[in-house]
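# Structural features, examined
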Amino acid sequence: MDRIQMRAALVIQVLDAVTGRTVEESGSRPEISITSGKPPFYKGDGYYLFLQPPEPEAVVTIQAYGYESFRRKAAELAASKGICKVYMQPDCRYPLSTGIYGLQGMAEPGSTLLLVCREPAWQGRLTEDYEAGVEVISFSTRRPKDMRMEFRIQEQEQEDFFKLAESMDTGQGPYRLALPLSHSYQRGRAVLFPAKRIPVNASGGFVCYLPREKGSRAVMSCELWKQDGKEGKELELQAGARLSIGRIE
């Protein structure tokens, strides 16, 4: 791939945002177009090569059955060093497998929901006590690949939602918080659960998919919360199925 990359002006790899594998592996074939210039050459393994430098204002569009359309200026994609990885977001037609949990429903258009996974295999623990107002937190947890930044922490009757200001790729922290928590939590007593932000589209619809990680049960316990962190709804997601919950008021 390195020799080909040197000859190509732009190399894009099209991947599934849920599994991290190529879109072709889900049974869908991406169609890539550009507003000016020649279309890309398909190399295999999800790689698409533009052999000629795209014009600065040219727009690349990627479409695939079961995924939302992706549009971006070619110049923005070309700014990536090396291979540009494009992660396609699934839509309501996404083909499910036994390794995927699915959820769909309706809510206020333009709002955001939070899905909290209470799966025992994904519970996290503090590695140090946390004091309210401190800007860093230390903890360890297993979590789905696309749930690295937001969590719910609970200790008896008190709880907080929090978002990290940096990646969790290494170690157990301390990690910088986007905003300090309003409560203090003790190591050995507080429990953390990974959360995923779900955008609601302009029509009021939303979909969410999670990969089934090693050690996870076929039925996963979750909570769906409104953006304000109130009125949580308990759910059970079945691997290989898409749960439709109607409208959330």
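Because the structure is predicted, anything quoted here is derived from the model rather than measured.

### Considering the sheet that holds strand β1 (residues 10–16)
Within the open sheet, the four strands sit side by side as β3-β4-β1-β7. Their pairing is mixed. What marks the edges here is a single partner per strand, and that holds for β3 (41–44) and β7 (84–88). The sheet shows a mean angle of 30° between the axes of neighbouring strands, taken without regard to direction. Both β1 and β7 contribute to a ladder of five bridges, which runs parallel. Counted as the bridge partner of Val14 is Val86 from β7.

### Points about the sheet that holds strand β20 (residues 242–247)
Read from one edge to the other, the open sheet built from three strands follows the order β17-β8-β20, with strand pairing classed as mixed. Of all strands in the sheet, those bounded by a partner on one side alone are β17 (205–211) and β20. Recorded for the sheet is a direction-independent mean angle of 15° between the axes of neighbouring strands. Relative to β17, strand β8 (residues 100–106) is paired through seven bridges, and the arrangement is antiparallel.

### What to know about the pattern of salt bridges
Considering all chains together, one arrives at 10 salt bridges under this definition. With its nearest N and O atoms 4.0 Å apart, the salt bridge here joins Arg72 to Glu76. Residue Arg72 is classed as partly exposed on the basis of its relative accessible area of 36%. Exposure remark for Glu76: the relative accessible area of 46% places this residue in the partly exposed category.

Definitions and limits used
Residues numbered from 1 in each chain as written. Predicted model: local features only at pLDDT ≥ 70, side-chain atom pairs only at ≥ 80, totals over all residues. Heavy atoms only, no water. Pairing = 2+ DSSP bridges. Helix = DSSP H or I, 4+ residues; strand = E, 2+ residues; numbered from the N terminus. Axes fitted to C-alpha atoms, helices over the stretch in contact; angles between N-to-C directions. Salt bridge = Lys/Arg side-chain N within 4 Å of Asp/Glu carboxyl O. Buried < 20%, exposed > 50% of the residue type's maximum accessible area, 1.4 Å probe, protein only.

By themselves, these figures tell us nothing about what the structure is for.
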